[in-house]
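Spelled out from the first residue to the last, the chains are:
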Amino acid sequence: MLSRSKMVPLKLKTGRRYRMDCVQKTLVHIERLQEVSLPFFNHVFENGATYRCIAEFLDKLSSCSAPKLQSLLFEVGFQQTPRIVIPSSFPAPNLRSLQIKHCDLSWASSVLTGLTVLSIKNLSPECLPTLDQLISALRRMPALHTLELEDALPALPFQTTSLPRTPRAMNVRLPHLKQLRLTAKMLEVANVLARIELQESTAEVRLFCEGFSGNPNHQWNASLPIISRALKSCFKASPDKSRQVPRSMRLSGTSSCIRLHSSTVRNPSSWTGSTSGTYLDLDLVTESPVTLVFDFPDDMRRIILSDFQKVVPLGSIEAMYFHFFFPCWDGFWIDFLGRGATRNLAYMHIQGLRQALEELLKSLRSQKHSVSRRVNGRSQQGPVFAPVLSHLVLHGLEFDSMNWMRPSDLLDVLIDRVNEGRGLDHLEFVSTTGILARDVKLLREVVADVSWDEYESSDEDSDHDYDYDIDSDYDDPIDYYGFDSDHGYST
């Protein structure tokens, strides 16, 4: 077939199953190759034949012309030794896409010229670039629209606590960059971000910060303003409408890791349907302008979350999804999201520990018309939290009639909000325990639309008792606060 097709351009792609002899025969036709995509796995290299075949191809590529070659992809298993090395130069004037994983190359290579797609993952430590080498290489690729560097960023000395200040005029500008993905230690990511001027064309930024290489507090303080400045452009619509402003966010996390997605869709269906403790596959999230992943030691959790509103502009966010299982502290939601930052927040979906809901109810309490019990002898002060919140989803949470987190406390808070003209329109309970039919009936007197999956419906309804810590000389808590059945105020 290869001989009959004569000089027709060839595209060579392999999957998990292929014949190595066919690959070898195809690679011989260097002058016809248009695309080479070889994602190999560890077991493929065990007998050494595959390695020798690829090494021979690259050696021949460095001396023979490949005028039609536009795309080159090599993914090799991390255990491969010796490693595949991309030639420093080879005559492929039309090469536009280079994607390598567990392979090495020189940053001075002429291969890093004129590319539109560059993806480098898991370089050997000795092949990591200096910052100047990386910036110099990027300047040779002004048409670059996709840049992905994973464990391929300049390394910093251990215990580095600050970054050198460089005039912005010396930064690299990539006017066509649409996708940027960086993975490394926190300060290493910031070190590169500080030298790249993101343009209005940049529609997607994904930063994976894999912990710290020195003093976490100092390195976080050095990284924060750089990451914040880089992300600001992602939260602004471009003049030509090619980039939309994010409208929703999803935050998931454990005790030592936080993952954040943003979306230009207000309520992405894939987020609403997620009920497991696993994270969403980042590659399946569509229209996600910003993705952040922060790994950190436990003692840095409160510092990083309290600085969250400094990292990500929240003013445009209308919907937030929370799925985390780390302990909250008193005043968590105000510290985390601030007050003014939630001015457009209309939808909240919370899945996590009971403490997260407890702290949310403290934050949602009204200032002027509070009928709910004070918590720890304190009342909330300052502007109203989430003033336009209209839809609240409680997912996998737990109420307990014996402790502070009772259904009646939620009812009190919602009455507070209605008294101030900030009541909910929709309230949903999904797989939430401690809510019974009587609770739902009372809540429907305050919220027009209450959805309950009857997750814990039982005969306990008849024995369920309500204990309010405010004046108890009334029978119906709804009538006491002056509500008619049409959810308005009585006269």
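Residues numbered from 1 in each chain as written. Predicted model: local features only at pLDDT ≥ 70, side-chain atom pairs only at ≥ 80, totals over all residues. Heavy atoms only, no water.

**Describing the pairing of strand E16 (residues 319–324)**
Summarising burial for E16: six of the six residues are buried, a large majority. As paired elements, strand E13 (residues 248–254) and E16 share six bridges and run parallel to each other. Its bridge partner lying in E16, Gly 253 is registered against Phe 324. Bridge analysis of E16 against strand E17 (residues 347–352) gives six bridges, and the strand direction is parallel. Directly across from Tyr 321, in E17, lies its bridge partner His 349. (Buried < 20%, exposed > 50% of the residue type's maximum accessible area, 1.4 Å probe, protein only. Helix = DSSP H or I, 4+ residues; strand = E, 2+ residues; numbered from the N terminus. Pairing = 2+ DSSP bridges.)

**Here we look at the layout of surface pockets**
What the largest pocket holds in volume is close to 350 Å³. Taken together, 15 residues form the lining of the largest pocket, with Pro 164, Arg 165, Thr 166, Ala 194 and Ile 226 sitting closest to its centre. Of the residues forming the lining of the largest pocket, the biggest block, four residues, is contributed by helix H5 (residues 216–232). Considering only residue class, the lining of the largest pocket consists of seven nonpolar, four polar and four charged. (1 Å grid on protein atoms, 1.4 Å probe; cavity = no way out; pocket = protein on both sides within 12 Å on 5 of 7 lines; lining within 4 Å. Points joined across faces, edges and corners; volume = space filled by probe spheres on them. Nonpolar A, V, L, I, M, F, W, Y, C, P; charged D, E, K, R; others polar.)

**As for H5**
The first and last C-alpha atoms of H5 sit 24 Å apart over 17 residues, in line with the 24 Å expected at 1.5 Å per residue. At Ser 223, H5 is deflected by roughly 30°, the largest bend along its length, and proline Pro 225 occurs up to four residues later in sequence. Looking only at H5, the buried set comprises Gln 219, Trp 220, Ala 222, Ser 223, Leu 224, Ile 226, Ile 227, Ser 228, Ala 230 and Leu 231. Elements in contact with the buried residues of H5: helix H4 (186–193), strand E12 (204–209), strand E15 (290–295), helix H7 (301–306) and helix H8 (308–311). Where H5 starts, the residue carrying a side-chain oxygen 3.0 Å from the main-chain nitrogen of Asn 217 turns out to be Asn 215. (Expected span 1.5 Å × (residues − 1). Bend = angle between axes of the 7 residues up to and from the residue. Contact = heavy atoms within 4.5 Å. Polar contact = N/O pair within 3.5 Å; in protein donor to acceptor, adjacent residues only side chain to side chain.)

**Remarks on the packing of aromatic side chains**
Enumeration according to the criterion identifies 16 aromatic pairs in this entry. The interplanar angle of 70° and the centroid separation of 6.4 Å between the aromatic rings of Phe 399 and Phe 429 together place this pair among those described as edge-to-face. Residue Phe 399 is found in the loop between strand E18 (391–395) and helix H11 (407–419), and its partner Phe 429 is found in strand E19 (residues 426–430); the two are separated by 30 residues along the sequence. Ring pairs connect the aromatic residues Phe 308, Phe 322, Phe 324, Phe 326, Trp 329, Phe 332, Trp 333 and Phe 336, which therefore count as one cluster. (Phe/Tyr/Trp six-rings, centres within 6.5 Å; stacked < 30°, edge-to-face > 60°.)

**Examining the packing of H4 against H5**
Each packed pair of helices is defined by two parameters, the angle between the axes and the distance between the axes. Relative orientation of the contacting elements H4 and H5 amounts to 40°, with a least axis distance of 9 Å. Classified by the angle between their axes, H4 and H5 sit oblique to one another. For the element pair H4 and H5, the recorded crossing hand is left-handed. Of the residues in H5, those in contact with Met 186, Leu 187, Ala 190 and Leu 193 of H4 are Gln 219, Trp 220, Ala 222, Ser 223, Ile 226, Ile 227, Arg 229 and Ala 230. Residues belonging to the contact of H4 with H5 are distributed by class as follows: nine nonpolar, two polar and one charged. (Axes fitted to C-alpha atoms, helices over the stretch in contact; angles between N-to-C directions. Parallel < 35°, antiparallel > 145°, perpendicular 65-115°, else oblique. Left-handed = near helix turned anticlockwise from the far one by under 90°.)

**Focus: empty space enclosed by the protein**
Enumeration over the complete set of coordinates arrives at two cavities of 30 Å³ or more. Quantified by volume, the largest cavity comes out at close to 70 Å³. Among the elements that take part in the lining of the largest cavity, strand E14 (residues 257–263) stands out by supplying three residues, more than any other. Residues belonging to the lining of the largest cavity are distributed by class as follows: nine nonpolar, no polar and one charged.

**Looking at the nonpolar core**
Generally speaking, nonpolar side chains in soluble globular proteins are found buried as a group. Phe 74, Phe 322, Trp 333, Leu 427 and Phe 429 are the most contacted members of the largest nonpolar core, which totals 131 residues. Beyond its immediate chain neighbours, meaning those up to four positions away, Phe 429 contacts Leu 394, Phe 399, Leu 410, Ile 435, Leu 443, Val 450, Ser 451, Trp 452 and Asp 453. (Core = buried A, V, L, I, M, F, W, Y, C linked by side-chain atoms within 4.5 Å.)

**Observations regarding the pattern of salt bridges**
Tallying each qualifying case throughout the model produces 16 salt bridges. Residue Arg 301 is joined to Asp 298 by a salt bridge in which the shortest nitrogen-to-oxygen separation is 3.6 Å. Residue classification places Arg 301 among the buried positions, given a relative accessible area of 12%. Exposure remark for Asp 298: the relative accessible area of 46% places this residue in the partly exposed category. Among the charged side chains, a salt-bridge network with shared partners connects Lys 121, Glu 148 and Arg 181. (Salt bridge = Lys/Arg side-chain N within 4 Å of Asp/Glu carboxyl O.)

**Describing helix H3 (residues 131–139)**
What H3 keeps buried is the set Leu 131, Leu 134, Ile 135, Ala 137 and Leu 138. The buried residues of H3 occupy an angular sector of 160° when the element is viewed end-on, so they sit on one face. In this structure, the buried residues of H3 make contact with strand E8 (146–150), strand E9 (172–173), H4 and strand E11 (196–197). (Arc of directions from axis to C-beta.)

**A closer look at the pairing of E8**
With five of its five residues buried, E8 lies for the most part within the structure. Burial along E8 is two-sided: Thr 146, Glu 148 and Glu 150 and Leu 147 and Leu 149, pointing in opposite directions, are all buried. Taken together, the five bridges between strand E7 (residues 117–121) and E8 define a ladder with parallel strand orientation. Paired with Val 117 across the bridge in E8 is Thr 146. For the crossover that starts at E7, traverses H3 and ends in the parallel E8, the hand is right-handed. Pairing of E8 with strand E10 (residues 179–184), which is carried by five bridges, proceeds in the parallel orientation. Residue pairing across strands places Leu 149 opposite Leu 182, the latter belonging to E10. (Right-handed = clockwise from strand over helix to strand, strands pointing away.)

**Looking at the confidence of the model for the protein chain**
Residues of the protein chain with pLDDT of at least 70 account for 76%, and the chain-wide mean is 79. At the level of individual helices and strands, the protein chain shows its lowest average pLDDT in helix H13 (residues 477–480), which scores 37, and its highest in E8, which scores 97. Low pLDDT, under 50, characterises residues 369–373; the stretch is placed with 20 contacts to residues that sit more than four places away or in other chains. Low confidence marks residues 375–380, where pLDDT is under 50. Its contacts with residues over four positions away, or in another chain, come to 15 contacts. (pLDDT = per-residue confidence, 0-100.)

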